[in-house]
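Chain by chain, the residues run as shown.
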Amino acid sequence: MRYSVDGTWRTSASGSTCEALNPSKANAPANRFQACTTSEVDEVFAKAREAQRTWQRTPLHARAALLHRAATLMRENAGEMAEALVLEVAKGAKDARVEVERSADLIDYTAEEGVRLLGEGKLLMSDSFPGNDRTKLCMASKVPVGIILCIPPFNYPVNLCVSKIAPALIAGNTVVVKPPTQGCTATLHMIQCFLKAGFPAGTVQAVTGRGGEIGDYLTTHPEVNAISFTGGETGIRVAQKAGMVALQTELGGKDACIVLPDADLDLAAKSIVKGGFSYSGQRCTAVKLVAVFEEVADELLSKVNAQIAKMTVGQPEDDATITAVVSKSSADFIQSLVVDAESKGARLCQEWRREDNLIWPLLIDNVTHDMKICWEEPFGPVLPVVRVKSDAEALELVNKSRFGLQGCVFTKDIDRAIQMADAMETGTVQINGPPARGPDHFPFQGVKDSGIGSQGITNSINVMTKVKSTVINLSKPSYTVA
Ligand code: NAP
Ligand code: G3H
């Protein structure tokens, strides 16, 4: 497939390609993409700069209208995009479609939010600050940052791209997208919807190539004004290298689910299964650790295990709950965590089973702090359980993690829930529900190694704008009437 420059699709002069594999078919070749050269990247940024000068002067309502058109085209092309997600990232067919439809809704909401948020400015009078009379009036408005480099991850290559480019575009920025290699086809289809909607040449472009090869060149490019990145450890490296640009990074998580003795165990079990095993655990917000009080642990685990026994394992086309994880290296890593835990005394509640990238769902009981799975993010359908004896012990476990994305607590005691929520060092705490990013207008952020800045539609628009002040200096105070 070709890359997108200045409103057209082009083959790279490099003559090289990179390849997405099919995780469900023993990593057989799926699609090939251009491996762009550094001079092609330079050209893309030059076009983005040129286009941005005009785009920021395009009336806000006209920018919003184009976004609505792109959303409509996304819905019309949802089938094609969903098929590509099934093929390249083994997302279940229904979930794949939901990802595209959710993205179209996100675009519409962003357009609506943008016209209000950006359509208003602020007027400040100098006499509200001590020692000043009213001789200065400050008009503060939000202006675009410039060119936003958008790098989404494989697990939501459409939605986590749209969540970056829609706020960027409504705010008058232009975007350069670097799609994930796995999931690239769906991202490029999505870009095509924006181009067909009528976004001017240079406003929305995509350069392709392996992140490991082209990534540093992109993230350190002098034309980049802001980076919105979602992914894993790579994001820490991006932040270290980026320099004086605005940053929004959404990285990994180790979302813990704390189950207190008075919890509704049916609700907790259902949420743990949904939270832990949807899309085979490949969500940053997946439940990745259960901390359950000893006195209810056996009952909770038997409920969770009963639901795991009913899960379907198989092909994404058939909408199996558990499908192949994205790569062989990911499956190998997950297996290494299980082997380490078992060798240190953990109890596997199900038999370990793996075929190529397909790993059967697994609950791991009696996990202790010396096991890697207690701290690492497996990004797969394996879920460790630590038995705890007190709120303090549960909180210590959660807060010792280097991640801090979300966490959840199950209890009928709202006072205790709020105390736990206040003490948890995470960007979000869910009370009596599994971790989740959506609805997409909610603020979404991680602390510690889980990221910098906040997402959610309004927050993303704010990250992708800067404040511009114009101060009117009067020769006499404005309230002096001659
Ligand atoms: P990843 O390996 O970090 O890759 C993310 C993106 O970065 C891909 O587009 C990748 O391109 C690109 N990339 C690779 N090397 C790069 C470099 N040196 N410079 C710039 N970009 C580079 O993550 P992933 O495997 O796609 O996603 C899984 C991880 O993302 C998990 O840790 C998960 O928790 C996290 N995640 C977090 C959130 C959140 O909102 N907090 C959401 C989703 C996922 P290539 O594909 O070409 O390598
Ligand atoms: O994988 C990371 C996503 O931000 C999670 O989104 O909670 O809607 O699955 P989700």
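Each value, and the rule that gives it
- Residues numbered from 1 in each chain as written.
- Chains lettered and ligands numbered in written order.
- Predicted model: local features only at pLDDT ≥ 70, side-chain atom pairs only at ≥ 80, totals over all residues.
- Heavy atoms only, no water.
- UniProt positions renumbered as here; feature names shortened; annotations may be inferred.
- Core = buried A, V, L, I, M, F, W, Y, C linked by side-chain atoms within 4.5 Å.
- Buried < 20%, exposed > 50% of the residue type's maximum accessible area, 1.4 Å probe, protein only.
- Helix = DSSP H or I, 4+ residues; strand = E, 2+ residues; numbered from the N terminus.
- Contact = heavy atoms within 4.5 Å.
- Near = heavy atom within 4 Å.
- Polar contact = N/O pair within 3.5 Å; in protein donor to acceptor, adjacent residues only side chain to side chain.
- Areas by Shrake-Rupley, 256 points an atom, 1.4 Å probe, with all protein chains shown as cover.

- The chain is annotated in an unreviewed UniProt entry as NADP-dependent glyceraldehyde-3-phosphate dehydrogenase from Ostreococcus lucimarinus.
- Annotation of the chain in UniProt includes, under Catalytic activity (unreviewed entry), the sentence "D-glyceraldehyde 3-phosphate + NADP(+) + H2O = (2R)-3-phosphoglycerate + NADPH + 2 H(+)".
- Note on the chain: under the UniProt heading Sequence similarities (unreviewed entry), the record states "Belongs to the aldehyde dehydrogenase family."

**Here's the deal with the nonpolar core**
Working step 1: Ranked by size, the top nonpolar core spans 60 residues in total, and within it Met74, Ile165, Val175, Met190, Phe194 and Phe199 carry the most contacts.
Working step 2: Broken down by element, the residue count for this core peaks at nine residues, all from helix 6 (residues 184-197).
Working step 3: With sequence-adjacent residues up to four places away left out, Val175 is seen in contact with Ile148, Cys150, Ile165, Ala168, Leu169, Thr203, Val204 and Gln205.
Working step 4: One finds Ile334, Val382, Leu383 and Val388 within the second-largest nonpolar core, a separate group that totals 58 residues.

**Remarks on the site of ligand 2**
Working step 1: Around ligand 2, the neighbouring residues are Arg102, Asn155, Tyr156, Leu160, Arg283, Cys284, Thr285, Ala436, Arg437 and Phe444.
Working step 2: The contact in question runs from an oxygen atom of ligand 2 to an N or O atom on the side chain of Asn155, over 2.8 Å.
Working step 3: Between ligand 2 and the protein, one listed contact pairs an oxygen atom with a side-chain N or O atom of Thr285 at 2.6 Å.
Working step 4: Summarising the interface, the protein chains cover 95% of the accessible area of ligand 2, which totals 310 Å² for the free molecule.

**Remarks on unusual backbone geometry**
Working step 1: With an omega of -5°, the peptide bond between Gly438 and Pro439 qualifies as cis.
Working step 2: Inspection of the secondary structure puts Pro439 in the loop between strand 21 (428-431) and strand 22 (444-445).
Working step 3: Of note in the backbone geometry, Asn27 takes a positive phi value of approximately 60° without being a glycine.
Working step 4: Here Asn27 lies in the loop between strand 3 (17-22) and strand 4 (28-34).
Working step 5: With a phi close to 50°, Asp356 is a non-glycine residue in the positive phi region.
Working step 6: With respect to the helices and strands, the residue Asp356 is situated in the loop between strand 15 (354-355) and strand 16 (358-359).
Working step 7: Of the residues examined, Asp356 reaches a relative accessible area of 48% and is grouped as partly exposed.

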